Amino acid sequence: MPKLRTFLALDSADRLATFEAMAALLYAKAMVAGVASGRWHERFASVGASRTGTPQGAELEVTRRTRFAIARALRNVPGSPNCLPQALAARSMLQRRGIEADLFIGTRLDGAQENRFHAWLKVGDEWVTGLCDETEYALFTGHGAEVA
């Protein structure tokens, strides 16, 4: 009951965004399951930064609403989707609203560990999913990896 009460306390836009995020997460998780990790950058495209600066006004509000909707949805979908489905779901939600987001996919630079892949999404300088220290990752781009 506490989850239902919390959900009902949200405004209608947040409730709709949460349902959309749940559906987008499940779809993205299924999409990612069919692609080998070495081909993520080819399959999901648009990897890397294309803009800087913090979004303003309505764009900032939508970006933050999307971030919180993804976070709420994660607590309520089966299988705990990892970072890439989260980033893809959020990017899809933002694209539907005409907001360009930058998808980053990289591997940890520390050579002592096995390759640890991570994906994150930003709108300019505003984090949407996958908060991390970007300097610890080499980014996958269309031409191989480069340091962020």
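Residues numbered from 1 in each chain as written. Predicted model: local features only at pLDDT ≥ 70, side-chain atom pairs only at ≥ 80, totals over all residues. Heavy atoms only, no water.

Draft legend 1. Highlighting helix 2 (residues 12-33). When the terminal C-alpha atoms of helix 2 are compared, their 32 Å separation across 22 residues agrees well with the 32 Å that a helix rising 1.5 Å per residue should span. Along helix 2, the positions that sit buried rather than exposed are Asp14, Ala17, Thr18, Glu20, Ala21, Ala24, Leu25, Ala28 and Val32. (Helix = DSSP H or I, 4+ residues; strand = E, 2+ residues; numbered from the N terminus. Expected span 1.5 Å × (residues − 1). Buried < 20%, exposed > 50% of the residue type's maximum accessible area, 1.4 Å probe, protein only.)

Draft legend 2. Structural context of unusual backbone geometry. The phi dihedral of Ser80 falls on the positive side, at around 40°, and the residue is not glycine. Following the sequence through the fold, Ser80 ends up in the loop between helix 4 (57-74) and helix 5 (83-96).

Draft legend 3. How the structure looks around the confidence of the model for the chain. The share of residues in the chain with pLDDT of 70 or more is 82%, and the mean pLDDT across the chain is 83. Here strand 5 (residues 144-147) stands out as the element of the chain with the lowest mean pLDDT, 42, in contrast to strand 3 (residues 126-129), whose mean of 96 is the highest. Counted against residues more than four places away or in other chains, residues 142-148, with its pLDDT under 50, gives 14 contacts. (pLDDT = per-residue confidence, 0-100. Contact = heavy atoms within 4.5 Å.)

Draft legend 4. Looking closely at the packing of helix 2 against helix 4. It is the contact of helix 2 with helix 4, at a shortest axis distance of 8 Å, that shows an interaxial angle of 60°. Judged by the inter-axis angle, helix 2 sits oblique to helix 4. For the element pair helix 2 and helix 4, the recorded crossing hand is right-handed. On the side of helix 2, the interface is formed by Ala13, Asp14, Ala17, Thr18, Ala21, Met22 and Leu25, while helix 4 contributes Arg65, Ala69, Ile70, Arg72, Ala73 and Leu74. Here the contact of helix 2 with helix 4 is composed, by residue class, of nine nonpolar, one polar and three charged. (Axes fitted to C-alpha atoms, helices over the stretch in contact; angles between N-to-C directions. Parallel < 35°, antiparallel > 145°, perpendicular 65-115°, else oblique. Left-handed = near helix turned anticlockwise from the far one by under 90°. Nonpolar A, V, L, I, M, F, W, Y, C, P; charged D, E, K, R; others polar.)

Draft legend 5. Representation of the nonpolar core. If you look at the biggest cluster of nonpolar residues, it comprises 26 residues, and the most contacted ones within it are Ile70, Leu84, Leu94, Leu103 and Leu121. Listing elements by their share of this core, those giving two or more residues are helix 2, helix 4, helix 5, strand 1 (102-108) and strand 2 (117-123). Sorting elements by how many residues they give to this core places helix 5 first, with eight residues. Setting aside anything within four residues of it in sequence, one finds Leu121 in contact with Ala87, Ala90, Arg91, Leu94, Ala101, Asp102, Leu103, Glu126, Trp127, Val128 and Thr129. By size, the runner-up hydrophobic cluster in this structure holds six residues, among which are Phe104, Trp120, Trp127 and Leu139. (Core = buried A, V, L, I, M, F, W, Y, C linked by side-chain atoms within 4.5 Å.)

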